[in-house]
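Structure at a glance
Each chain, letter by letter, is given below.
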Amino acid sequence: MKLLAFDFGTKKIGVAVGQTITKTAEPLNLIKIKNNMPDWIKIKKLKKEWEPNLIILGLPLNMNNTEQIFTKKTKKFANNLRNILNIPVELHDERLTTIEAKINILNNLEHKNLKKINIDSYSAVLILESWLKNNKNKFKHKNR
């Protein structure tokens, strides 16, 4: 099963692609937000290119499990994804993924390369890998 993951933001959206067989994900190019609107043309191209069965969208929550102001915007984006792409969307807790992404990048790369790294898409990778880990029993694959 192919999956796309999004880390929704006010200026850009991080994107990752993955699949349930290997339970891995990789970052893709960012999608920019212009005039408070995602680039739906690019998002539709992602659907056509990757043909995902499911979209995983990071859900921002407060540390005490309550919703924050941005949670409502993220849920609206989820509904738009469902309606425009006609693909199921699952929301997944994204707490600390951006911080974890920055720490992992700092630990694994030279400082001069940090500007080239896409933190938001790497956060989408972490969201997707976390979802895969939490749902590992949902998708059992037979050896052929």
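Below or above, wherever it landed, is the structure these notes cover. (Residues numbered from 1 in each chain as written. Predicted model: local features only at pLDDT ≥ 70, side-chain atom pairs only at ≥ 80, totals over all residues. Heavy atoms only, no water.)

**Considering the pattern of salt bridges**
Scanning the model with the defined rule gives two salt bridges in all. Between aspartate 120 and lysine 12 there is a salt bridge, and its shortest N-O distance comes to 3.3 Å. Note that aspartate 120 is positioned in helix α4 (residues 119-134) and lysine 12 in strand β2 (residues 12-19), a separation of 108 residues in sequence. Of the charged contacts, one joins lysine 75 and glutamate 67 as a salt bridge, the two residues approaching to 2.4 Å between their closest N and O atoms. According to the relative accessible area criterion, lysine 75 is partly exposed, its value standing at 30%. (Salt bridge = Lys/Arg side-chain N within 4 Å of Asp/Glu carboxyl O. Helix = DSSP H or I, 4+ residues; strand = E, 2+ residues; numbered from the N terminus. Buried < 20%, exposed > 50% of the residue type's maximum accessible area, 1.4 Å probe, protein only.)

**Things to note about helix α2 (residues 69-85)**
The first and last C-alpha atoms of α2 sit 25 Å apart over 17 residues, in line with the 24 Å expected at 1.5 Å per residue. Phe70, Thr71, Thr74, Phe77, Ala78, Leu81 and Leu85 are the residues of α2 that are buried. Taken end-on, α2 shows its buried residues confined to a sector of 120°, consistent with a single buried face. The outward face of α2, more than 90 degrees from its buried face, is lined by the exposed residues Ile69, Lys72, Lys76 and Asn83. Residues of α2 that are buried make contact with β1 (2-7), β2, β4 (37-38), α1 (40-50), β5 (54-59) and β6 (89-93). (Expected span 1.5 Å × (residues − 1). Arc of directions from axis to C-beta. Contact = heavy atoms within 4.5 Å.)

**Remarks on the nonpolar core**
Generally speaking, soluble globular proteins have nonpolar side chains that are buried together. Ranked by internal contacts, the top residues of the largest apolar core, which has 21 residues, are Leu4, Phe6, Ile43, Ile55, Phe77 and Leu81. For this core, the secondary-structure elements that each account for two or more residues are β1, β2, β3 (24-34), α1, β5 and α2. Residues Ala16, Ala25, Ile127 and Trp131 belong to the second largest nonpolar core, which totals twelve residues. (Core = buried A, V, L, I, M, F, W, Y, C linked by side-chain atoms within 4.5 Å.)

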